Amino acid sequence: MCVSLGGLPDNVDGMINPPPSKGLGTFKWLNLAQFLGALNDNLFKFFAIFLLINLWGEAADTRITPMIGALFALPFLLFVTLAGILADRWSKSAITIQMKLLEIVVMLVGLASLWLQLPWLVFTTCFLMSLQSALFSPAKYGLIPELVPADKIPVANGHIQAFTYIAVILGTILAPMISQATPDQTWIWGAVCVGIAVVGWLASRGIQHTPGAGNTRPVSLNPFGEIWRTVRAGREDRHIIVAMFAIGFFLLVGAYVQLNIIPYGREALGLSKEKSTLLFLFAALGIGAGSWLAGRLSPRNAELGIVPVGATLMALGCIGLWLLPHFCAAPVSRYLACALLFVLGLGGGLYMVPLEATIQFRSPPERLGQ
């Protein structure tokens, strides 16, 4: 799969044409709302894991993490295509406000689940959190070209990716700190999440109102059929279909790395489970830095020439992590592993931002959410 290097032309058929502006406008409120939502997702995910391990014992951690991961993945598979249809029909800014309001309701359920320490309600909350994120996702990315001028789209994508992974870092740090400071007051864990959700909703109300795209295609309850129709629609523009599959490839690599970081830390580096968790920080920090850098290197267009650089860095990071245990002993191997995870994440940020901007540049307004 190959793409042409360099930026997209200034005027592309079907390209989003937002109102002229010298800056990012109310995008900062969308970025803040997304940041707080990502922070809440990571905080509650860790709170749920900590509570379930306390209830079921340390030996159950190998079952708990995949269960939580599956609950977070399922709504994206089942409902994100429906969310794309709705985002193409209604105002994306209105959907954003409604989804942030839904986040408050879900976090109130989460507060009850942590306070009462009911596993089934904890799992229900995880599913509802992911459902809220899935419904929000197309509107969030579709809003970017509606809020910022065309030459600021790559920068805006870089900002939103960078702040998302800063939220991942903060969630990874704050969750164990809060849980250790209040081990017997789990209601405080839920109250923190509710407070963050309220602030996120207030931030969303600062987003400039945007009209609906007006797409009237029927709602499909078959997510797989809708995915196939989306792929067929993307084939009309080679850049879009390449970007779609390239982003899917990144998510595959990301999911694989995420599942294996903790076992890698324990088996290859000799770290405890808690210290292995901290390895996530270096990958997230790298993605945040790479996303910010990609935005800076794409001052006007989606600079696809950055994508091969990002892919190369990801490959080198993975190869280095594979070779590391065979050639280095602790503690040097641990420091090098942190550096390699940062390089892998840096490549991921450079890889993703131009691809997302390509879809936003070239998609017709009435099909952007799709």
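Placed above this text is the structure.
Reference entry: report on the structure contained in this document. Quick caveat: nothing in here was measured; it's all calculated off a predicted structure.

The next subject is the environment of Ala294. Topologically, Ala294 is positioned in helix H10 (residues 279-297). Remark: the alpha-carbon pair of Ala294 and Gly349, spanning 55 residues in sequence, is separated by 7.0 Å. With sequence-adjacent residues up to four places away left out, Ala294 is seen in contact with Ile306, Gly349, Leu350, Val353 and Pro354.

Take the nonpolar core next. Counting residues in each nonpolar core, the largest one holds 34 residues, and the members touching the most others are Leu43, Phe44, Phe47, Ile64, Ile68 and Met107. Elements represented by at least two residues in this core include exactly helix H1 (27-56), helix H2 (61-89), helix H3 (92-116), helix H4 (119-147), helix H5 (153-181) and helix H6 (186-204). With 13 residues, the top contributor of residues to this core is H1. Those residues within four positions of Ile64 in sequence are excluded, and the remaining contacts are Ile49, Leu52, Ile53 and Trp56. Ala87, Leu131, Ala139 and Ala156 belong to the second largest nonpolar core, which has 20 residues in total.

What follows concerns the environment of Gly270. Relative to the helices and strands, Gly270 is located in the loop between helix H8 (238-267) and helix H9 (273-277). In sequence terms Gly270 and Ala329 are 59 residues apart; their C-alpha atoms lie 9.9 Å from each other. In this structure, Gly270 is in contact with Gly265 and Arg334, ignoring residues within four places of it in sequence.

Conventions and cut-offs
- Residues numbered from 1 in each chain as written.
- Predicted model: local features only at pLDDT ≥ 70, side-chain atom pairs only at ≥ 80, totals over all residues.
- Heavy atoms only, no water.
- Helix = DSSP H or I, 4+ residues; strand = E, 2+ residues; numbered from the N terminus.
- Contact = heavy atoms within 4.5 Å.
- Core = buried A, V, L, I, M, F, W, Y, C linked by side-chain atoms within 4.5 Å.
- Buried < 20%, exposed > 50% of the residue type's maximum accessible area, 1.4 Å probe, protein only.

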